[in-house]
There are 2 protein chains.
Amino acid sequence: MELKINKDHFHKAILDVSKVVSSRTSLPILTGIKIVAKDDSLTLIGSNSDIFIERTIPKVSNGINMFEVYQTGSVVISAKYLGEIIKKLPEDIDLKVNENQTVTIKSGEVISKLNGLMAEEYPSLPEIDLRNNIRITSGDLLEIIKQTVFAASKNETRPVLTGVNFTFQKDLLTCVATNSQRLALKKYKVKSNVEGSFIVPSTALTEILKLFSHESVINLYATETNMLFKSHTISVYTRLIEGSYPNTSGLIPNDSKTIVTLDTKQLLKGIDRASLFGSERNNNITFQINDKSKINISSKSSEMGQIEEMQYIKNITGNEEIRITLDGNFMMDALKVIKEDEVSLHFNGSIRPILILPIGNESQLQLISPVRSQ
Amino acid sequence: MELKINKDHFHKAILDVSKVVSSRTSLPILTGIKIVAKDDSLTLIGSNSDIFIERTIPKVSNGINMFEVYQTGSVVISAKYLGEIIKKLPEDIDLKVNENQTVTIKSGEVISKLNGLMAEEYPSLPEIDLRNNIRITSGDLLEIIKQTVFAASKNETRPVLTGVNFTFQKDLLTCVATNSQRLALKKYKVKSNVEGSFIVPSTALTEILKLFSHESVINLYATETNMLFKSHTISVYTRLIEGSYPNTSGLIPNDSKTIVTLDTKQLLKGIDRASLFGSERNNNITFQINDKSKINISSKSSEMGQIEEMQYIKNITGNEEIRITLDGNFMMDALKVIKEDEVSLHFNGSIRPILILPIGNESQLQLISPVRSQ
């Protein structure tokens, strides 16, 4: 294998596929990046065995040739060292691999030799049937992921809850994530010849948020065990989580005793302030309504002190007396992914979950269970 | 104590004095900030018992009144909670302390109560004789610190080496830092009626680098046990390190077998590249000269591979054959604080320290001991 390549494009591609590569892995070859050079294509692959990222380098970018393959072949090179060296080299890179897998990298007056590994030992990509696909713009896909993935469980005791459940049914995609104390749901209309439910690991979705930010159209392909998110230059293969996702539709209340409309940003700032004494594990915030014009947001630490504030209610229907304690971090996570200026909070007493809906957008809903009163 | 204060100025002052405040301290009152309100002045103090930072808030800034004291007094408030709450409050702040040291903070519709501590329990500032001082511009002082402090020891076994030795003698300030493997020295002409040597802890100097970046003139005052760095609004009191600083003048070679002139930035980049296989603890870089035109910079990892590059020598005098192994991190630290375009390396064989001098600047020198050959 022998080739010449543009330094910056090579470095960008290495960074992309390195996102899932770890230096601590039970399979040492996965600390490396697989590079495959064919006559007219150059492909990099990185993996943590659950997720594979495949990145092709375009032959021509802005009218300039990005690489030239003199001799085809493939090799696996340490992701850490390859990334560090390519970043620091002064100019275009000549890369050559000999029969002992020694990789010689030249750039200007700099020569480096790295010990490579046999590409044949690298695990192969999951097999995916490319006939049935769903096309979706990257902007929409990223929004769907952002509005749900945060609500998935970080706790491995119920593995299905660590993913987001993608359900395709009659041209409607429904994504749900829950950790059983809070739930985020997003609906999205999309032409699809796929039917069924797929639990996609949050870890894969988080990588997708970083990788596809500049891409325009993404194709989704699903099998029973894997899902592929594929754009022009990047493919992300992820193993699906096995098991049945719980039926969550029964959790969402149909009517509410009290509905309050508030300013989204103001509410977020108020909860942020009230989180003064909170930690990541315990951030109890109390909401109290005594009359129909104002809501009181407060928190308290017996040791340090207390904080409270009033916010004006834009609209209220139903019961005008409420006192409920919620996890402030869950509330902030929910409000951060709402783009609308106003939000409605739907209460059903102090021990039932509250429903949060953006005003003027029916595609998104969130549910948060109260904390037992202090 | 009762006062009204501009939010942003208050927050900036809290951040400044909080720099040395730790939440883990053997003296609980030091987790707090002491606030002293007099009729026409407002002062904040933070400390870790070795260093005190005192910050006064100017009464008027850009023609606007910054604060109004309605009732004088003093209190100690948790630095962590005070900083967090003030940052998030919407507007100007009303602060009131009652006889139980409960601090009530109001801003717009937000009210917070924090449990304060008695100001009388806060340790007092070191006593400093303000008659003898040295005036120095902040730009010059920060440069002197930057060019020396990095070379001080991180290891507490010889406490004197963890500081920078300031020597005032006949209108000349000489600053020296060494960890016994490398040394940085800076000379600076300054009018001074102070004579003597003072070992200033690196930790204090590092805070000074952050605190005085926008100030113009700094006055230094020294006693046998403390030094004070004082600008218009900020005073930093630091305990000095006890003991005698080693005499380092004998270490600096008077002549050299080989002197090589190189481009400073190119050399730094080359060493950075050669550090590919290095870690923070071990980053051996080999320099080799075989003929008078080029220097070879290389490093090697038996497991991962090797890297080497050639750089052109601008000028060479003396012996033309050299091979020496140095700590690449020490070399990079030294080159980073040299502003001149060219640098000369003075060699005396492979087991004697090398001397690094900026070309055209005699106020600064650095010395680095070689590593035993691998």
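Residues numbered from 1 in each chain as written. Chains lettered and ligands numbered in written order. Predicted model: local features only at pLDDT ≥ 70, side-chain atom pairs only at ≥ 80, totals over all residues. Heavy atoms only, no water.

**Focus on the relation of the copies chain A and chain B**
Once turned by 180° and shifted 0.0 Å along the axis, chain A lies on chain B with an RMSD of 0.0 Å. Accordingly, the operation relating the two chain copies is best matched by a two-fold axis. The overlap is high: 100% of the interface residues of chain A also sit at the interface in chain B, so the same surface is used on both sides. (Least-squares fit on C-alpha atoms with pLDDT ≥ 70 in both. Contact = heavy atoms within 4.5 Å.)

**Observations concerning the UniProt feature "domain: DNA polymerase III beta sliding clamp C-terminal" (unreviewed entry) in chain A**
Here, the residues flagged by UniProt with the feature "domain: DNA polymerase III beta sliding clamp C-terminal" (unreviewed entry) are residues 251-372 of chain A. Along residues 251-372 of chain A one finds 16% helix and 46% strand; the C-alpha atoms at either end are 18 Å apart. (UniProt positions renumbered as here; feature names shortened; annotations may be inferred. Helix = DSSP H or I, 4+ residues; strand = E, 2+ residues; numbered from the N terminus.)

**Looking at helix 6 (residues 328-336) of chain A**
Taken as a whole, helix 6 of chain A has its buried residues at A:Gly328, A:Phe330, A:Met331, A:Met332, A:Ala334 and A:Leu335. Here helix 6 of chain A starts with a cap whose side-chain oxygen sits 2.7 Å from the backbone nitrogen of A:Asn329, and that cap is A:Asp327. (Buried < 20%, exposed > 50% of the residue type's maximum accessible area, 1.4 Å probe, protein only. Polar contact = N/O pair within 3.5 Å; in protein donor to acceptor, adjacent residues only side chain to side chain.)

**Comments concerning the pattern of salt bridges**
The tally for this structure, following the rule as stated, stands at 28 salt bridges over all chains. Residue B:Asp272 pairs with A:Lys88 through a salt bridge whose shortest N-O separation is 3.1 Å. Here A:Lys88 lies in helix 2 (residues 79-88) and B:Asp272 lies in helix 5 (residues 264-274), a pairing that spans two chains. In this structure, B:Asp129 engages B:Arg131 in a salt bridge whose closest nitrogen and oxygen atoms are separated by 2.8 Å. Residue classification places B:Asp129 among the partly exposed positions, given a relative accessible area of 35%. (Salt bridge = Lys/Arg side-chain N within 4 Å of Asp/Glu carboxyl O.)

**Some words on the domain arrangement of chain A**
Residue and element names in this part refer to chain A. You can read the domains of chain A as domain 1 (2-121), domain 2 (134-249) and domain 3 (252-368). If you average the C-alpha positions of domain 2 and of domain 3, the two centres end up 27 Å apart. Every contact between the two is made by 14 residues of domain 2 and, on the other side, 12 residues of domain 3. Between domain 2 and domain 3 the total buried area reaches about 1200 Å² when both faces are included, carbon and sulfur atoms providing 51% of it. Three residues stand out in domain 2 for area buried against domain 3, namely Arg 182, Leu 183 and Leu 185, and they jointly supply 40% of the buried area on that side. Counting across the interface, domain 2 meets domain 3 through 2 salt bridges. One salt bridge in this structure joins Arg 182 and Asp 333, with 2.8 Å as the shortest N-O distance. On the surface where domain 2 and domain 3 come into contact, there are 8 residue pairs in polar contact (both at pLDDT 80 or more). Broken down by secondary-structure element, the contributors of at least two residues to the side of domain 2 that touches domain 3 are helix 3 (138-149) and strand 15 (182-189). For the side of domain 2 that touches domain 3, the leading source of residues is strand 15, giving 6 residues. (Domains from an automatic or database assignment. Buried area = accessible area lost by both parts, 1.4 Å probe.)

**Focus on the packing of aromatic side chains**
The final tally for this structure, using the stated rule, is 4 aromatic pairs over all chains. The interplanar angle of 45° and the centroid separation of 5.4 Å between the aromatic rings of A:Phe277 and B:Tyr81 together place this pair among those described as tilted. A residue pair is termed interchain when its members come from two chains, as with A:Phe277 in the loop between helix 5 (264-274) and strand 21 (284-291) and B:Tyr81 in helix 2 (residues 79-88). Taken individually, A:Phe277 and B:Tyr81 each receive the classification buried, so the pair is uniform in this respect. (Phe/Tyr/Trp six-rings, centres within 6.5 Å; stacked < 30°, edge-to-face > 60°.)

**Brief notes about the sheet that holds strand 17 (residues 217-222) of chain A**
Residues and elements named next belong to chain A. Spatially, 8 strands are ordered 8-2-3-4-19-18-17-12 in an open sheet, and the strand pairing comes out antiparallel. A strand with exactly one partner marks an edge of an open sheet, and here the two such strands are strand 8 (73-78) and strand 12 (134-137). Strand after strand, the sheet turns through a mean of 20° between neighbouring axes, direction not considered. Relative to strand 4 (residues 51-57), strand 3 (residues 42-47) is paired through 6 bridges, and the arrangement is antiparallel. In the sheet register, Ile 45 faces strand 4, and the bridge partner there is Glu 54. (Pairing = 2+ DSSP bridges. Axes fitted to C-alpha atoms, helices over the stretch in contact; angles between N-to-C directions.)

**Quick look at the pairing of strand 4 of chain A**
Residue and element names in this part refer to chain A. Counting buried residues in strand 4 gives 6 out of 7 residues, a clear majority hidden from the surface. Inspection of the sheet shows strand 4 paired to strand 19 (residues 234-239) by 5 bridges, in the antiparallel sense. Each bridged residue has a counterpart across the sheet, and for Arg 55 the counterpart in strand 19 is Ile 234.

**As for the packing of helix 1 (residues 7-18) of chain A against helix 2 of chain A**
Residues and elements named next belong to chain A. Put simply, helix 1 and helix 2 touch, their axes get as near as 9 Å, and they point 150° apart. Taken together, the axes of helix 1 and helix 2 lie roughly antiparallel to each other. Note on packing geometry: the crossing formed by helix 1 with helix 2 is left-handed. Here Lys 7, Phe 10, His 11, Ile 14 and Ser 18 of helix 1 come into contact with helix 2, specifically with Ala 79, Leu 82, Gly 83, Ile 86 and Lys 87. Its residues assigned to classes, the contact of helix 1 with helix 2 comprises 5 nonpolar, 3 polar and 2 charged. (Parallel < 35°, antiparallel > 145°, perpendicular 65-115°, else oblique. Left-handed = near helix turned anticlockwise from the far one by under 90°. Nonpolar A, V, L, I, M, F, W, Y, C, P; charged D, E, K, R; others polar.)

**As for the interface of chain A and chain B**
Counting residues at the interface gives 28 residues for chain A and 28 residues for chain B. For the pair chain A and chain B, the summed buried surface comes to about 2600 Å²; carbon and sulfur atoms form 56% of the total. Sorting the residues of chain A by area buried against chain B places A:Lys88, A:Leu276 and A:Met304 first, and these three jointly supply 23% of that buried surface. For the pair chain A and chain B, the interface holds 2 salt bridges. Here chain A and chain B share 16 residue pairs in polar contact (both at pLDDT 80 or more) between them.

**Details of the sheet that holds strand 23 (residues 305-312) of chain A**
Here 9 strands make up an open sheet; going across it, the order is 25(A)-21(A)-22(A)-23(A)-11(B)-10(B)-9(B)-1(B)-7(B) and the pairing antiparallel. This sheet does not close on itself; its edge strands, each paired only once, are strand 25 (322-327) of chain A together with strand 7 (67-71) of chain B. Taking each pair of neighbouring strands and ignoring which way they run, the sheet shows an average axis angle of 15°. In this sheet, strand 9 (residues 93-97) of chain B lies alongside strand 1 (residues 2-5) of chain B in antiparallel orientation, the contact comprising 4 bridges. Among the inter-strand pairings, B:Ile5 is bridged to a residue of strand 9 of chain B, identified as B:Ile93. Where helix 5 of chain A meets the sheet, it contacts strand 21, strand 22 (294-301) and strand 23 of chain A together with strand 11 (110-115) of chain B, and its direction lies at approximately 170° from that of strand 23 of chain A.

**Regarding a negative patch on the surface**
Together, A:Asp8, A:Glu91, A:Asp92 and A:Glu109 give the surface a local cluster of negative charge. Looking at the element boundaries, A:Glu91 is found in the loop between helix 2 and strand 9 (93-97). (Patch = residues over 30% accessible without salt bridge, like charges linked within 9 Å, V, L, I, M, F, W, Y side chains within 5 Å. Areas by Shrake-Rupley, 256 points an atom, 1.4 Å probe, with all protein chains shown as cover. Lys, Arg positive; Asp, Glu negative; His and termini not counted. Charge placed at Lys NZ, Arg CZ, Asp CG, Glu CD.)

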